[in-house]
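Structural features, examined
The chain contents come next:
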Amino acid sequence: MNPRIERLRESLEEPLLVTNPTNIHYLFGFKSSNAALLVEQDRARLFTDFRYSEAARAVEGVEFEETKRALLKDLADRLCGPVGFEADFVSYSGYETLRSGAIEPVPRRGLVEQLRAVKDEDELASIKRACEITDRMFERLIGERFVGRTERDLAWTIEQFFHDEGAEAIAFETIVAAGPNSARPHGRATDRQIGRGETIIVDTGCSVGGYVSDYTRTFATGFVEAPVKEAYAVVLAAQQAGFDALRSSVRGFDADAAARRVVDETVFAGTFGHGLGHGLGLEVHEAPRLSVESTDTLATGNVVTVEPGIYLEGRAGIRIEDNIVVTEGGFENLTGFRKDLITVG
Ligand code: ZN
Ligand code: ZN
């Protein structure tokens, strides 16, 4: 009995065709770039082409059927009646293909994602391990020279440290954004040399067992002007306000509002231009969301980031991001690395 499939079945009104590879991986531990899983009340069928057939045959608790490389076309010929499909994942032409035969496609959203949002013990263990490795990476990073090196060069060093510390892979393209670049929330590492008196946002993470970490720390090279120090203190206070609001059954909207209020009551009002956080797991951005637009409610076992920021256009940016798990009584912070404004060389 696969408990994830059992829980999924409880939410189904018709058979569900799962085509998002991350969702298939979550449900059956099977990885393929061209697979589909049909979950019915009494059985589950896994469809994939010849390239993955040997691996698919070895998956327990599922019936394997080999398909042609054009997977959706093959399924359209093979299946019939009402079939739920992942509307956030299937393209419009994929949808046209699905309905070209005897299938009556029913759009469904977030059914597997909502299961993925609540982590079990094994998943939490992987995320904790990814966080410990990230802590050690940052410990080493602050001993590095920053001034005179390019953002891109430092990003490579970070990836090397992750590798040295036992990460499987980096979780996403590392952001190293210094000086004016740090004022862009998702600035990428460029060939610009890091100067003195700048803030540097480092936003990075690694993966262990397929599960990711996603931290941000902001450093300074030498003296930074008073308003930047003040902004740093406000970001820290906003993060604390976010933490104080976090517990199971709190709405993502309200956690975001608690942190946002702290920034908006200062001279930095309006400079926190993104959401407070997002879920973390097999993907770097998943349910639940902590943001102005969020309709999610937090539950025990959710893993989310808490990452307020202040961005002063053309000058500097500050973001601090921790990874936490929502518990019965509140939350546990998985991020061990310090949060004072560290001056790097
Ligand atoms: Zn991040
Ligand atoms: Zn993040």
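Residues numbered from 1 in each chain as written. Chains lettered and ligands numbered in written order. Predicted model: local features only at pLDDT ≥ 70, side-chain atom pairs only at ≥ 80, totals over all residues. Heavy atoms only, no water.

Another point: the pattern of salt bridges. Two side chains carrying opposite charge are able to pair once their charged atoms lie near each other. Taken as a whole, this structure holds 35 salt bridges when the rule is applied. When the shortest N-O distance is used, the salt bridge between R251 and D254 registers 2.9 Å. With a relative accessible area of 32%, D254 lands in the partly exposed category. R338 serves as the salt-bridge partner of D340, at 2.8 Å between the closest nitrogen and oxygen. Connected via shared salt-bridge partners are E40, R43, R45, E63, E65, D74 and R78. (Salt bridge = Lys/Arg side-chain N within 4 Å of Asp/Glu carboxyl O. Buried < 20%, exposed > 50% of the residue type's maximum accessible area, 1.4 Å probe, protein only.)

Right, let's talk about unusual backbone geometry for a bit. At the junction of A287 and P288, the peptide bond is cis and its omega measures out at -5° in the coordinates. On the secondary structure map, P288 appears in strand 14 (residues 286–290). Here the phi dihedral of S249 falls at roughly 80°; this positive angle occurs in a residue that is not glycine. As for its position among the elements, S249 is in the loop between helix 9 (226–245) and helix 10 (252–264). Classification of S249 by relative accessible area gives exposed; the value is 57%. (Helix = DSSP H or I, 4+ residues; strand = E, 2+ residues; numbered from the N terminus.)

Moving on: helix 9. End to end, helix 9 covers 29 Å across 20 residues, agreeing with the expected 28 Å (1.5 Å per residue, within 8%). Regarding helix 9, the residues found buried are V228, A231, Y232, V234, V235, A238, Q239, A241, G242, F243 and A245. (Expected span 1.5 Å × (residues − 1).)

Core analysis: the biggest nonpolar cluster contains 61 residues, and L8, L27, F28, F30, L37, L141 and F219 have the highest contact counts within it. When residues of this core are assigned to their parent elements, the largest contribution, eight residues, is made by helix 7 (residues 121–141). There are two domains that each give this core at least three residues, and those are domain 1 (3–116) and domain 2 (121–333). The residues touching F219, leaving out its near neighbours within four places in the chain, are F138, L141, I142, F146, E198, T199, I200, V202, F337, L341, I342 and V344. Counting 28 residues, the second-largest nonpolar core is a separate cluster that includes A238, F272, L276 and A316. (Core = buried A, V, L, I, M, F, W, Y, C linked by side-chain atoms within 4.5 Å. Domains from an automatic or database assignment. Contact = heavy atoms within 4.5 Å.)

Time to look at the packing of aromatic side chains. Ring pairs (aromatic) are described by centroid distance and by the angle formed between their planes. Following the criterion strictly, the structure yields seven aromatic pairs and no others. Plain terms: the ring middles of Y92 and Y95 are 5.9 Å apart, the flat faces sit at 45° to each other, and that makes the pair tilted. Taken as a pair, Y92 and Y95 lie in helix 5 (residues 92–98) at a separation of three residues, close to a single helical turn. On the numbers, 6.1 Å between centres and 5° between planes, the contact of F138 with Y215 is stacked. Taken together, the residues span a long stretch of sequence, with F138 in helix 7 and Y215 in strand 12 (residues 215–221) at a distance of 77 residues. According to the relative accessible area criterion, F138 is buried, its value standing at 0%. What makes Y215 buried here is its relative accessible area of 0%. Ring-pair connections join several aromatic residues into one group, and the members of that group are F138, F146, Y215, F219 and F337. Of note, R4 hangs over the ring of Y26, and the distance from its end group to the ring centre comes to 4.2 Å. (Phe/Tyr/Trp six-rings, centres within 6.5 Å; stacked < 30°, edge-to-face > 60°. Lys NZ or Arg CZ within 6 Å of the ring centre and 35° of its normal.)

The next point concerns the coordination of the zinc ion (ligand 1). Here the zinc ion (ligand 1) is held by D203 (OD), D203 (OD), D214 (OD) and E321 (OE), and the distances to it run 1.9 to 2.6 Å. Considering all four donor atoms around the zinc ion (ligand 1), angles at the metal cover 55 to 147° and the coordination shape is irregular. The sequence motif formed by the donor residues of the zinc ion (ligand 1) is D-x10-D-x106-E. Residue D203 is classed as buried on the basis of its relative accessible area, which comes to 3%. (Donors = N, O, S within 2.8 Å, 3.2 Å for Na, K, Ca; no water. Tetrahedral: all angles 85-135°; square planar, octahedral: opposite > 155°, others 65-115°.)

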